[in-house]
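Next come the chains, spelled out residue by residue.
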Amino acid sequence: MRRVEASLAVDAPAGAVFAFVTDLDNLPIWQPGVISARQTSDGPVGLGSTAQVVRELMGQRLTVDIGVTEYVPAQRLALTSTAGGIQVSGAMELEPADTGTLVKVATEVRARGFLAALEGMAAGIARDD
């Protein structure tokens, strides 16, 4: 398993940041490599929601199904996906800060068998995003 962590200060309140990142139409704006995203579950985005994301990775288009595993408005969002034998779990925590919101992101990449060698590459891509 590989883990990548990052943080970023955003000059906006946590509620606005959360609303922006949970709007799938915005995903290609803040996630490099994402070409499109569409919700595959009914109702508003929340715990248990699912979506399909198309991203370009090393010149190839990859379609990934994702699921929301934690959803606390203006505080925490966690997602998980599995594609080609590689599982990626990501969590975003939002904390009020003097100038807006501190966004903390942690991504874990797990692969089994011969795919384990790809963990480092996938973690590098997550770090660059």
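All chains use their own residue numbering, which begins from 1 and follows the written sequence. A pLDDT threshold of at least 70 governs which residues receive local features in this predicted model, and a stricter bar of 80 or more applies before side-chain atom pairs are shown or counted, although totals over entire chains, interfaces and linings include all residues. With hydrogens and water stripped out, all remaining heavy atoms of the structure feed into the side-chain values.

Chemist: Quick question: what am I supposed to make of the overall build of the chain here?
Modeler: Strands are runs of DSSP state E lasting at least 2 residues, helices are runs of H or I lasting at least 4, and numbering of each runs from the N terminus. Counting its regular elements, the chain contains 3 helices and 7 strands. Counting from the amino terminus, the chain carries its helices and strands in the arrangement β-α-α-β-β-β-β-β-β-α. Counting the 129 residues in the chain, one finds 33% classified as buried. Buried, partly exposed and exposed residues are distinguished by accessible area as a fraction of the type maximum, computed with a 1.4 Å probe on protein chains only: under 20%, between the cut-offs, and over 50%, respectively.

Chemist: Help me out: how do you make sense of the packing of aromatic side chains in this one?
Modeler: Aromatic rings in a pair are described by how distant their centres are and how their planes are angled relative to each other. Each pair of aromatic rings taken from Phe, Tyr and Trp, with Trp reduced to its six-membered ring, is defined by centres within 6.5 Å and is described as stacked if the planes are under 30 degrees apart, edge-to-face if over 60, and tilted in the remaining cases. Counted according to the given criterion, the structure contains 1 aromatic pair. Aromatic side chains Phe 18 and Tyr 71 sit 5.1 Å apart centroid to centroid with 70 degrees between the ring planes, which places their arrangement in the edge-to-face category. Taken together, the residues Phe 18 in helix α1 (residues 14-22) and Tyr 71 in strand β4 (residues 60-72) connect sequence positions 53 residues apart.

Chemist: Even after reading the chapter, I still don't get α1, so can you show me in this structure?
Modeler: Note that an α-helix has 3.6 residues per turn; residues three or four places apart therefore point the same way. Taken as a whole, α1 has its buried residues at Ala 14, Val 17, Phe 18, Val 21 and Thr 22. Taken end-on, α1 shows its buried residues confined to a sector of 120 degrees, consistent with a single buried face. Elements that come into contact with the buried residues of α1 comprise β1 (2-10), α2 (27-30), β4, β5 (76-83), β6 (86-97) and β7 (100-111). Comment: arc refers to directions from the helix axis out to C-beta atoms. Residue contacts follow a heavy-atom distance rule, with two residues in contact if any of their heavy atoms lie within 4.5 Å.

The values reported here are purely geometric and, on their own, carry no functional implication.
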